[in-house]
Amino acid sequence: MDEMLRNRTFDALQIGDAASVVRVVGRDDIELFAAVSGDVNPAHLDAAFAATGRFGDIVAHGMWTAALVSAVLGTELPGPGTIYLGQDIRFLKPVAPGDTITATVTVREKRPDKRIVTLSTVCTNQAGEEVLSGSATVIAPDQQIEWPRTKLPDIEFRRHDRYEAFVRRAREIPAVRAAIVHPCSAAAITGALEARDEGLLEPVLVGPLHKIMAAAEAAAVSLEGVEIEPVEHSHAAAARAAELAVAGKVDILVKGSLHTDELLGAVVAQDSGLRTERRISHVYVMDIPAYDKPLIVTDAAINIQPTLEHKRDICQNAVDLMHILGIREPRVAVLAAIETVNPKMPATLDAAALTVMAARGQISGAKVDGPLAFDNAINVDAARTKGIASAVAGQADILLVPDLEAGNMLAKQLIYFAGATAAGLVLGARVPIVLTSRSDPLSARIASAALAKMVSVLRAQKVPAV
C-alpha cells in the first residue's frame, strides 16, 4: 500500500474518473463496527438469532459497507481535503462474513461555482453483484495535497467466552443457598443480588442488621424476600456462617466486606467442622483472551510458602475442580523460573517431586510435569524451541505456582496486562468459598458464583459437568 495519500483537485477531476477500495469483511470487522457504533443488533452478531431472520445467517451492518464509500472519497477520489456533504444509499443485497466488497466512486457532475462534485457510489461483492448503490455529494479540494498515510494502531480482540460453558451449566442447576458473610458494603450487597438474579445462588445475609440495611440503602436495592441472619460483628458473622454450613443450612460461603483471614479463620478453626483431610487452597479460574481455554492459577491468596505436601493438596484441589468442569485429565504445569532441576532453586526440586508423585498415583486424575517456566508451560512453540518433550508443555490447564507471591503477581499481571478475568474460589473445605474483590467485573463475580455452585452440587453428586 502506498504510504502517501494524494488527492485530485476540483480542476483536475474529469467526468468518468473513478477509484475503488477492496475489503474482505470478517467477524472481527463486524464486531469492531458494533463496538464502535453501539449497534449490537443480534442480526449482525448472534448466529442463533440470525438463523431465524430473512437471510438465515449473520450479515454485516449496512453502514459498514457504506463506510467503504467514505474511505474511497477521503483517501482516493477526490482524496484528502474533500468535504462530504451528502449521500444517498440503497442497500440491494446482504453482505456476509467472508464476502469481498469493492467500493467504487465515479465522477458524474461538477459544479464550478462552489467546487461541488456529484459521484455515483457502488459496492459489489466477489460475484460482481451490486450490494449497495447511490450517489455522493462533496466539495472537492482546490489545492493539491500529498500527505503521509496515518499508521493505524494494532487492534487485538479480547473475547471473553471461556466461562460460557460452565456458567450456562450452572444456571441449569437449581439455585443453592449461600451465606454472604458480613455483606456490609454496597458492592457486597449488589454482588449477592446479582448472583440471585442470575439464578445461581439463594443468598442468606449474615452480619449486623443495621449495617446490612445501610449497605442496601447505599446500593439503592431492596432486600425484600432476602433472608438475613443478624449478628453483632464480622467475627460473629464468620462463625455463624460456618455453623450454617456445618448444619447443612447453606452450601456455599461468600466473602462479603470482611478480611479474607477473618473468614478463613472461622473455616479452619479446630472446632469449625468444615475442615477436611485436604489443605485449603485458592484458585483463580482465568478467562484469558490470548489463551484458548480456561486456565487455573493456584495458589495466589492463601498458602504463603507451601511445603511439598501442601503443594500436593493444592494441585489435587485444582485437578478435582477441573474434573467438575468436565476436563477428565487436566494438564498441570508446575512452574519455576527454569525448566531444569537446580538444587539451588527449591521450586525446581518440588516440581520434579510432584511430577514423580503424580506418576506414582499420589496425585490422581491429571498429567503433571515440572519444572516448567511460564513460557514453555503455555506456548507450544516456546516448548519446542527448548526441546521439551512433554504432554503438558505448551498446553497447560493448571499452573501450580511456587508460592503465594509468584501466584499473586502472575494472576494480577494477566488481569491488568493481558485483559484476563479471574474467578476466585477456595477449595479443600467441606463447602466451597467464594472470594471476590470490589474491583472484580460482573463477569468474574458471576463466574465465581457459578463455580462454587458446581463444586457444591456436582461434587456431591459425582456427576461430570459436561
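Our subject is the structure listed above.
Scoring rules and cut-offs
Throughout this document, residue positions are counted from 1 along each chain, in the order its sequence is written. The model is predicted, so local features are restricted to residues of pLDDT at least 70 and side-chain atom pairs to those at 80 or more, both for listing and for counting; the totals for chains, interfaces and linings are taken over all residues. Calculated side-chain values reflect all of the structure's heavy atoms, with hydrogen atoms and water omitted. In DSSP terms, a helix is any run of H or I states spanning at least four residues, a strand is any run of E spanning at least two, and both are numbered starting from the N terminus. We take the radius of gyration over the C-alpha atoms and set the globule estimate at 2.2 Å times the residue count to the 0.38 power. Burial here depends on accessible area, computed with a 1.4 Å probe over protein chains only, as a share of the maximum for the residue type. Under 20% is buried, over 50% is exposed, and the range in between is partly exposed. Note on areas: these come from Shrake-Rupley sampling with a 1.4 Å probe, and a residue is covered only by the protein chains present in the view. Only four residue types enter the tally: Lys and Arg on the positive side, Asp and Glu on the negative side; His and the chain ends are excluded. Where a charge sits is defined by one atom per residue type, namely NZ (Lys), CZ (Arg), CG (Asp) or CD (Glu). Throughout this description, the term salt bridge denotes a Lys or Arg side-chain nitrogen within 4 Å of a carboxyl oxygen of Asp or Glu. Polar contact is the term for a pair of N or O atoms within 3.5 Å; when the atoms are in protein, one must be able to donate a hydrogen and the other to accept it, and sequence-neighboring residues count only if both atoms are side-chain atoms. The contact definition used throughout considers only heavy atoms, calling two residues in contact when any of these lie within 4.5 Å. Helix span, as expected, comes to 1.5 Å for every residue beyond the first. The pairing criterion for strands is at least two bridges between them, as found by DSSP. Axes, fitted as lines to C-alpha atoms, cover a helix only where it is in contact. Angles between the N-to-C directions of the axes lie from 0 to 180 degrees. We call a set of buried residues a nonpolar core when its members are Ala, Val, Leu, Ile, Met, Phe, Trp, Tyr or Cys and they connect through side-chain atoms within 4.5 Å of each other. Residues qualify for a patch when their relative accessible area is over 30% and they have no salt bridge, like charges being joined within 9 Å and the nonpolar side chains of Val, Leu, Ile, Met, Phe, Trp and Tyr within 5 Å.

1. Details of the overall build of the chain
Summing up its helical and strand segments, the chain has 15 helices and 18 strands in all. Over its C-alpha atoms the chain spans a radius of gyration of 29 Å, topping by over 25% the 23 Å that the globule rule assigns to 466 residues. Seen through its C-alpha atoms, the chain measures out along the principal axes to roughly 95 × 60 × 40 Å. Across the 466 residues of the chain, 46% fall into the buried class. As presented, the chain carries roughly 22,800 Å² of accessible surface, and 52% of it is formed by carbon and sulfur atoms. Taken together, the 46 basic and 55 acidic charged side chains of the chain have centroids lying 2 Å from each other.

2. What to know about the pattern of salt bridges
Taken as a whole and judged by the stated rule, the model has 18 salt bridges. A salt bridge links Glu172 to Arg169; the shortest N-O distance between them is 4.0 Å. Highlighted residues: Glu172 and Arg169, both in helix α5 (residues 164-172), separated by three residues, approximately one helical turn. Arg445 serves as the salt-bridge partner of Glu194, at 2.9 Å between the closest nitrogen and oxygen. Of the two residues, Glu194 sits in helix α6 (residues 186-197) while Arg445 sits in helix α15 (residues 442-461), which places them 251 residues apart along the sequence. Residues joined by salt bridges that share partners form a network here, namely Arg177, Glu202 and Glu227.

3. A few points about the environment of Ile324
Turning to its location among the elements, Ile324 is positioned in helix α10 (residues 308-324). By relative accessible area, which is 11% here, Ile324 ends up buried. Between the C-alpha atoms of Ile324 and Ile15, which are 309 residues apart in sequence, the distance is 69 Å.

4. Digging into the side chain of Asp17
You can see Asp17 is positioned in the loop between β1 (4-6) and β2 (18-24). A distance of 2.8 Å separates a polar side-chain atom of Asp17 from the backbone nitrogen of Gln14. Excluding anything up to four places from it in sequence, Asp17 contacts Arg8, Ala12, Leu77, Val105, Thr106 and Val107.

5. Some words on helix α11 (residues 346-359)
Helix length check: α11, at 14 residues, gives a terminal C-alpha distance of 20 Å against a target of 20 Å (1.5 Å per residue), a fit within 8%. Thr348, Asp350, Ala351, Leu354, Thr355, Met357 and Ala358 are the residues of α11 that are buried. Against α10, β14 (331-335), β15 (367-372) and β16 (398-400) lie the buried residues of α11. Downstream of α11 by a residue or two, Gly361 has a phi angle that is positive, lying close to 90 degrees.

6. Observations regarding the pairing of strand β13 (residues 295-298)
Burial along β13 is two-sided: Leu295 and Val297 and Ile296 and Thr298, pointing in opposite directions, are all buried. Two strands pair when backbone bridges link them, and β13 and β16 are joined in this way by three bridges, in the parallel orientation. By the bridge assignment, Val297 is partnered in β16 with Leu399.

7. Points about the pairing of strand β4 (residues 100-111)
Note that β2 and β4 share seven bridges and pair antiparallel. The residue of β4 that forms the bridge with Arg23 is Ile101. Sheet topology places β4 next to strand β5 (residues 116-124); nine bridges connect them, and they run antiparallel. Note on β5: the bridge partner recorded for Thr106 is Ser120.

8. Overview of the sheet that holds strand β8 (residues 176-181)
Backbone-to-backbone hydrogen bonds join strands into a sheet, with any given pair of strands oriented parallel or antiparallel. Across the sheet, eleven strands lie side by side as β10-β9-β8-β11-β18-β17-β12-β13-β16-β14-β15; this open sheet has mixed pairing. In this open sheet, the two strands that pair with only one neighbour each are β10 (227-230) and β15. Judged from the two bridges that link them, strand β17 (residues 421-427) and strand β18 (residues 433-434) form a sheet pairing that is antiparallel. By the bridge assignment, Leu425 is partnered in β18 with Val434. Along the sheet, helix α9 (residues 260-268) contacts β8, β11 (252-255), β17 and β18; its crossing angle with β11, the most-contacted strand, is approximately 155 degrees. Sheet contacts for α10: β12 (281-287), β13, β14, β15, β16 and β17; angle to β16, the most-contacted strand, approximately 170 degrees.

9. A short note on the nonpolar core
Most often, soluble globular proteins have nonpolar side chains that are buried together. Phe166, Leu201 and Leu321 are the most contacted members of the largest nonpolar core, which has 59 residues in total. When residues of this core are assigned to their parent elements, the largest contribution, ten residues, is made by α15. Counting residues in hydrophobic clusters, the runner-up holds 29 residues, among them Phe10, Ala136, Val138 and Ala140.

10. Digging into a nonpolar patch on the surface
A cluster of nonpolar side chains, contributed by Leu32, Val36 and Ile155, occupies part of the molecular surface with about 290 Å² of accessible area. Looking at where Val36 falls in the secondary structure, it is placed in helix α1 (residues 27-37).

11. Let's talk about the sheet that holds strand β3 (residues 83-91)
Read across the open sheet, the five strands follow the order β2-β4-β5-β6-β3; overall the sheet is antiparallel. In this open sheet, the two edge strands, each paired with only one partner strand, are β2 and β3. Sheet twist, expressed as the mean angle between neighbouring strand axes with direction ignored, is 20 degrees. Of the pairings in the sheet, the one linking β3 to strand β6 (residues 130-139) comprises eight bridges and is antiparallel in character.

12. Comments concerning α10
With 17 residues, α10 extends 25 Å from end C-alpha to end C-alpha; this agrees with the ideal 24 Å at 1.5 Å per step. Residue Gly326 follows α10 closely and has a positive phi angle near 100 degrees.

13. A few points about unusual backbone geometry
With an omega of -5 degrees, the peptide bond between Leu77 and Pro78 qualifies as cis. Along the chain, Pro78 turns up in the loop between α4 (62-75) and β3. Of note, the bond from Gly370 into Pro371 is cis; its omega dihedral lies within 30 degrees of zero at 5 degrees. Here Pro371 is to be found in strand β15. Residue Arg115 is not a glycine yet carries a positive backbone phi of 60 degrees. With respect to the secondary-structure elements, Arg115 resides in the loop between β4 and β5.

These results come straight from atomic positions and should not be treated as a statement about function.
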